[in-house]
Amino acid sequence: MPTPDETVEKREKELENRIQMLESQLDRLTSHMGGGAGTPSPTVPVSKPETSKSMAYADEEMPELTEEVLGWASRNAVLPRLATVCFLMVIALVLRTITDSGLVTKLVGSGLGMGYASALMAFGWYKYSRESLLAPVFAACGVVLMSTIVVETHMHFKSLPLVPAYLTLMATGFCMALMSRRFNAFTPISVGVLGMCFAGAAIDYPHPFFPYLSLVLFTANVLGYAAARLKSCSWLRWSVLVVTMLMLQLWGIRLGIIMGRGEAIPPELAPVWYLPVLAVFFLTFIFLSLLGITNAGNRKISRFDFSLPTLSVIWAFTLARHMAEVWQMNMNLLGVIGLLGAASLLGITFWFAGRGMEGAPGTNTFAFAGAVLLVLALPAATGGFIMSLPVVSLVAITMAIVSRIWENGGIRGTTYLMNIYACVALVIALRGEGTGGTDPVNMLPAGLLAVISIYHYQWCRQWPVPFNSAFFDTFDRNDRSAVLLLLGGLACGFFMISVGIYQTVQFVPAEMQRDTFRCGQSVLINASAIILIVWAYLRQNREIRNVAILVTVIGAIKVFLYDLLGTHGLPLVFSIFSFGMAAAVESLALSKWQKKSVGHSQDGAVTDI
């Protein structure tokens, strides 16, 4: 038990701690009252002896948090800006009330409102010149008010024609851009671009005059690029891009529906302008991305500039193909134009690589876009989907070799995707037992894809990924994804030989053709497993060994879940026998592999001793 002296000392320490806490609270209260000296008011609550430490800590932290919030609000002039917005809204509502009451005509009321919005923007310019914190408020309120008045005056009051409405929106956007450039401020151009974009899309929606709307959206995209030069604002550019793509897609869909029905085309759809406008937007997006990457220098490329070429390729070519089908145009010509575009994008890739900058920034951006356009345009140009796949694979291995010279891991990853796409597309096209999957002509592209993909895998194992590769450092430092090339090549080889088996079984009696074909595929899978495990054993390659085990599992599933339950007779005997051979060879190879590994480990231990 504690002695009386120890109890007294403990109580003295508690009293000292409470006195210090009260003194700190007194100092805080004094500072909040203006720093004057004096005793605390009798009404100030004093902490009770039973107050917990957590409550004391909360009391100490709350004033600091409050001071931070108040300091932030004071630095950013939050309350003055809110008050200014309220007063400006009051004036706008007064003008709207005067117009609605009939004291002035709708046209005069709209003119008053637009004049008031213009005055706000002009006063915002003045405030920016004075470096006032309220300048963004006047500029933003002026843009919002102008955009709202233009849309309402045109659509509801019918007193503002279409062309002046669009021109007013564009003039507002340009004025805000000049204000931002003059005072190096981001708010005016961002609000101006958004107001121009969304107000332009809202006018006469869903039946706008699309050529005029396209001009507004084109201006918004260009000004969005200018805004990005002032401040990183991907959200602004993404917003304008999404609106642009959706509106032009709406244009194309409406044209397709009306032309498909054979109805008269309304003048606002202007079919003659669709493809030229689409081409202009495509080239503009490519050029803006090129400028953004070039101006970035050695800095990290923004996600918007990296994604814009690829998104533009998919969007523009898909819409162009849709319109070509609706108008029954020459699809081969569209494909050739697409191939020229793909060659141009790949040419830009070589230009970026020739600049001699470390890491060759921008190369993979346009290489990926060029690869996507090649994939889309090649079937249209050649008229054959399956026959175009080996060309994609051949371009992929060529780009892979070039990527080693440039030491660019991003392009190497792009070649993986190209080859994997070609293999997966072939497998989907040749699946089943229809005429497409059993045509002997398809043995040629399947065989070429198998050879190129397996060679691509071998090349990847011969040449490791570049040492400084942001792509592989982030996703796959050990380059494990290259094994997908081997799997794709094996799948293409399987379908090539399957077509040959199908053509061969046509010479056997009709009642045995189905069972012979299905079991022949099982024999092919098991034979592939044997070849792979022997290859892996001879090269002591664990990766190929794992692939062989995977193929063996697939063979087991095929034999025991499909052949054993759905076939009979001599073909089933060969199927089960082939799996038994694969299991035996694999067991022998793995046992010798394990013994060899144990022997190497023991030799190493003796050497260490």
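Residues numbered from 1 in each chain as written. Predicted model: local features only at pLDDT ≥ 70, side-chain atom pairs only at ≥ 80, totals over all residues. Heavy atoms only, no water.

### With respect to unusual backbone geometry
Consideration 1: In this model, Tyr 205 is joined to Pro 206 through a cis peptide bond whose omega is 5°.
Consideration 2: With respect to the element layout, Pro 206 can be found in the loop between helix H7 (187-202) and helix H8 (210-230).
Consideration 3: Of note, Asp 204 is a non-glycine position whose phi angle comes to about 60°, a positive value.
Consideration 4: With a phi close to 45°, Ala 270 is a non-glycine residue in the positive phi region.
Consideration 5: The topology assignment puts Ala 270 in the loop between helix H9 (234-261) and helix H10 (271-296).
Consideration 6: Ala 270 sits in the buried class, given a relative accessible area of 12%. (Helix = DSSP H or I, 4+ residues; strand = E, 2+ residues; numbered from the N terminus. Buried < 20%, exposed > 50% of the residue type's maximum accessible area, 1.4 Å probe, protein only.)

### Regarding helix H11 (residues 303-326)
Consideration 1: Between its first and last C-alpha, H11 extends 34 Å over 24 residues, near the 34 Å set by a 1.5 Å rise per residue.
Consideration 2: Largest kink in H11: about 30°, centred on Pro 309.
Consideration 3: Looking one or two residues past H11, Gln 328 carries a phi angle of roughly 55°, positive in sign. (Expected span 1.5 Å × (residues − 1). Bend = angle between axes of the 7 residues up to and from the residue.)

### Some remarks on the confidence of the model for the chain
Consideration 1: When the pLDDT values of the chain are averaged, the result is 85; 87% of them are 70 or greater.
Consideration 2: Confidence scores differ between elements of the chain, with helix H2 (residues 53-75) showing the lowest mean pLDDT of 52 and helix H17 (residues 443-462) the highest of 95.
Consideration 3: Confidence drops under a pLDDT of 50 for residues 603-609, and excluding neighbours within four residues, the segment shows zero contacts in the predicted structure. (pLDDT = per-residue confidence, 0-100. Contact = heavy atoms within 4.5 Å.)

### Here we look at the side chain of Gln 521
Consideration 1: As for its position among the elements, Gln 521 is in helix H20 (residues 510-539).
Consideration 2: Taking the relative accessible area as the measure of exposure, Gln 521 reaches 15% and is therefore buried.
Consideration 3: Sequence-distant contacts of Gln 521, defined by excluding residues within four places in its chain, comprise Phe 494, Ser 498, Ile 501 and Lys 558.

### Considering the state of the cysteines
Consideration 1: Under the counting rule described, the total for this entry stands at zero disulfides.
Consideration 2: Note on Cys 423: no disulfide assigned, nearest cysteine sulfur contributed by Cys 492 at a separation of 3.7 Å. (Disulfide = S-S within 2.5 Å.)

### Here we look at the packing of aromatic side chains
Consideration 1: This model, assessed by the stated rule, comprises 19 aromatic pairs.
Consideration 2: Their ring planes at 85° and their centres at 5.4 Å tell us that Phe 494 and Phe 495 sit as a pair that is edge-to-face. For the pair formed by Phe 494 and Phe 495, the shared burial category is buried.
Consideration 3: Among the aromatic residues, ring-to-ring pairing joins Phe 218, Phe 281, Phe 285 and Trp 315 into one connected group.
Consideration 4: Between Arg 404 and the ring centre of Trp 463, over which it is positioned, the NZ or CZ distance is 4.0 Å.
Consideration 5: In this structure, Arg 545 is placed above the aromatic ring of Trp 593, and the distance from its NZ or CZ to the ring centre is 5.2 Å. (Phe/Tyr/Trp six-rings, centres within 6.5 Å; stacked < 30°, edge-to-face > 60°. Lys NZ or Arg CZ within 6 Å of the ring centre and 35° of its normal.)

### Here's the deal with the environment of Val 85
Consideration 1: The topology assignment puts Val 85 in helix H3 (residues 78-100).
Consideration 2: Given the relative accessible area of 26%, Val 85 is considered partly exposed.
Consideration 3: Apart from residues no more than four positions distant in its own chain, Val 85 is found in contact with Val 137 and Cys 141.

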